[in-house]
Amino acid sequence: MMRDSPGPRSDRLRVGRRRAAVPCTAGLLLCLAWMAPRAAPLIEAEARVGGGYDTNVYEAVSSAREVRDSYGLLELGLHLQARRAPLRRGAHASLRWAADRFRVERRETRHILWGEVGWRFANRRRALELTGSATRRTFPADPERDVTRYELATALQWRWGRTARLRIEGAGVFADTDPNGPAERRGWRANGEYRHLIGGRWQAFQRIESRSVRYERRVRGECPPGYAIGPYDRQEAETYLVGVGIARTGSPLVQLFYGLRATTSNVSTLSHQRHEVRLHAGWLLPARVTAQVMVRWNVTSYCGAGCLAVLADEDPEDPDLWEQNSVVLQLRRPVGAGVAAEVRAAWQRNEAPIPGRYYEKGSLQIALMYGGARLP
Amino acid sequence: MTGCGRQTLRRVRRAGLVILVIAVGLAQPDAQTARQEAVQRRCRERSDSLANYRDRLIVSAESLAAQQARAAGRGDRDLEGRLLARGETLADSIRAVSVAYLAQRMRCQQLGGALPLRADFPLPEAGEADPPTLLRQKAGYARDLIDRIDRWLATVGGERDRLAELRLAEEMRRLVEDQSVFDERGALEIGGGDALGILEDHPEAPGLLARLLQEMPGMAAAEEPEAVLAALETWLLERRSALVARASDLEAEALRRERGP
């Protein structure tokens, strides 16, 4: 009888531990959720159970290769809010775990664990916020795609009554994008936003943002004769954004933003300019139904000509790299006892890992949600 | 993967599931009862807190009224006008806090299964020996109560609208969070996502009632303040109908007694 060698055995144990972490985390969250009211009244629990349908599971560019599948969805969350309203001072912590499991395409089954801890120090005019968060995304059938991301952010805010607000934020981010190799990215961002009331329920806001990202990866190029690209061991990018927007509170709730983003990369063919439009709108409908629409529309023009930078291993849903266009519609209605029914439909047209090529996908999701819409 | 590897995985997965079942089992017993008791206790605390606040406001209003009377006695019209304006503001606050108190009491009573609020809007009764003038006074009192109910209905309606708008904004914030955290891109993004501070910039800040409800510890969405206000509105409408009918009955009875047997 053959015995397993130590290497593969430890690998299997590692995979096993990873898989066991899912039900263990779910159990821990459920346990805490049930005990929460007894333990501390400021802990709020939430859960979402549902299912959906995806028309292009693997984000294929060619419609002939599109694969459709349905999936089940489970989310659990806990929120601790040691706040003092109305200034919302104090600490807060959140933990959310979600899993979606495809019926046939098990390779796409994934788990996401997200946690955040923050403090807010505030008086009526000024506020200081410190936030740390971590995200762990795992694909049990495809560990190569696992990602762990950490973010540390701080924000300062000044208020002038109800009419104006200035917010300055800075953050550092680290993401490990390959558990078996040195693929990672690290970066920082700084942004400022000024909002002021322009009359009635309408506000105007202006935003500037700067960010820098360094990718630990090689870039492969496909160039016509006479051109050359790389090879680059480290791709670096600097991004600047200037944008304006308007917002309306109440119903309809509206946020409309336009921004011009300029990205300069040491891989010249990846440098680009992008026009970004984002629209969020919400309505209160009869029978306590709420309708929400989110639209994201980008137009990108690449600066470099001739070469194609191929980043085939990168995630096509990475907004730091690719153009994203999407429409999300959501209808939601409380059905009693803190439970709400929701239907979410989405359509996306995103840029594929080869710049300039696109894939489309649609999805429909129906779920029941307990909690999850906490009033401030 | 070898058969042995699969077996190991199966064992580990089974162990995880067992932990899950045990965790659920441990958490289940008595949790419901403890939760109900905690909710009841918090409800009573909130109710008491609101009552104390209302009483303090009433004391302030009485003090203001005395100052106003003194100013009128001295013939200081300017000060009297200013005090009158402050008094009106204070009266609005008292009404709003009273509605909050009623809503809270109603919620506690619903939780405890008791009847709601009869004492706050008593139906005037026609006494056997009441003369017609007294019956008309009682009918007038009933109409005063109807006016008060109308003002409170307006306040409750406004608060319900504001809470619904807050819920809409919170759902929007949540949808944005879902998109940035649970979509795949959220795990990678260096940028700040789509968070645009929807809630913080809500210029129509919730009114006194909503704020008071929120200031109470543990007032969470699961307790659905909108539903509490809707129940209060329904009860006020029912009471209004009863008072309208009673005022009409008292007038008719006064007329009948005037005409004699």
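Residues numbered from 1 in each chain as written. Chains lettered and ligands numbered in written order. Predicted model: local features only at pLDDT ≥ 70, side-chain atom pairs only at ≥ 80, totals over all residues. Heavy atoms only, no water.

## Notes on the packing of aromatic side chains
Residues and elements named next belong to chain A. As enumerated under the stated definition, the model contains 4 aromatic pairs over all chains in all. Taking 6.4 Å as the distance between ring centres and 15° as the angle between the ring planes, the aromatic pair formed by Y150 and F174 counts as stacked. In this pair, Y150 sits in strand β6 (residues 147-160) while F174 sits in strand β7 (residues 164-176), placing the two residues 24 residues apart along the sequence. Judged by its relative accessible area of 44%, Y150 falls in the partly exposed class. Judged by its relative accessible area of 24%, F174 falls in the partly exposed class. Note on W160 and Y194: the rings are 6.5 Å apart at their centroids and 65° apart in plane angle, and the pair reads as edge-to-face. Remark: Y194 occurs in strand β8 (residues 184-199) and W160 occurs in strand β6; sequence separation between them is 34 residues. With a relative accessible area of 32%, Y194 lands in the partly exposed category. (Phe/Tyr/Trp six-rings, centres within 6.5 Å; stacked < 30°, edge-to-face > 60°. Helix = DSSP H or I, 4+ residues; strand = E, 2+ residues; numbered from the N terminus. Buried < 20%, exposed > 50% of the residue type's maximum accessible area, 1.4 Å probe, protein only.)

## Focus: a nonpolar patch on the surface
Residue and element names in this part refer to chain A. Nonpolar side chains collect at one region of the surface, where Y53, W283, L285, L331, V343, L364 and I366 lie side by side and expose about 600 Å² of accessible area between them. Counting only elements with at least two residues in the nonpolar patch, the list comes to β12 (272-285) and β17 (358-370). Within the fold, L364 resides in strand β17. Given a relative accessible area of 40%, L364 falls into the partly exposed group. (Patch = residues over 30% accessible without salt bridge, like charges linked within 9 Å, V, L, I, M, F, W, Y side chains within 5 Å. Areas by Shrake-Rupley, 256 points an atom, 1.4 Å probe, with all protein chains shown as cover. Salt bridge = Lys/Arg side-chain N within 4 Å of Asp/Glu carboxyl O.)

## Quick notes on the confidence of the model for chain A
Interpretation of this model should avoid reading the predicted coordinates in detail wherever pLDDT is low. Residues and elements named next belong to chain A. Averaged over every residue, the pLDDT of chain A is 80; residues scoring 70 or more account for 74%. Taken together, the stretch residues 1-6 has pLDDT below 50 and engages in 4 contacts with residues farther than four places along the chain or on a different chain. pLDDT under 50 marks residues 36-41. Its contacts with residues more than four places away, or in other chains, come to 10 contacts. (pLDDT = per-residue confidence, 0-100. Contact = heavy atoms within 4.5 Å.)

## Points about the pairing of strand β13 (residues 289-302) of chain A
Sheet faces and side chains relate simply in a regular strand, where the side chains alternate between the two faces. Residue and element names in this part refer to chain A. For β12 and β13, the ladder comprises 14 bridges, and the chain directions are antiparallel. Across the sheet, the residue bridging to L285 is V289, located in β13. The antiparallel pairing of β12 with β13 creates a hairpin that spans 3 residues between the two strands, and A287 there sits at a positive phi of about 60°. Of the pairings in the sheet, the one linking β13 to strand β15 (residues 324-336) comprises 7 bridges and is antiparallel in character. Bridge pairing links Q292 to Q330 in β15. (Pairing = 2+ DSSP bridges.)

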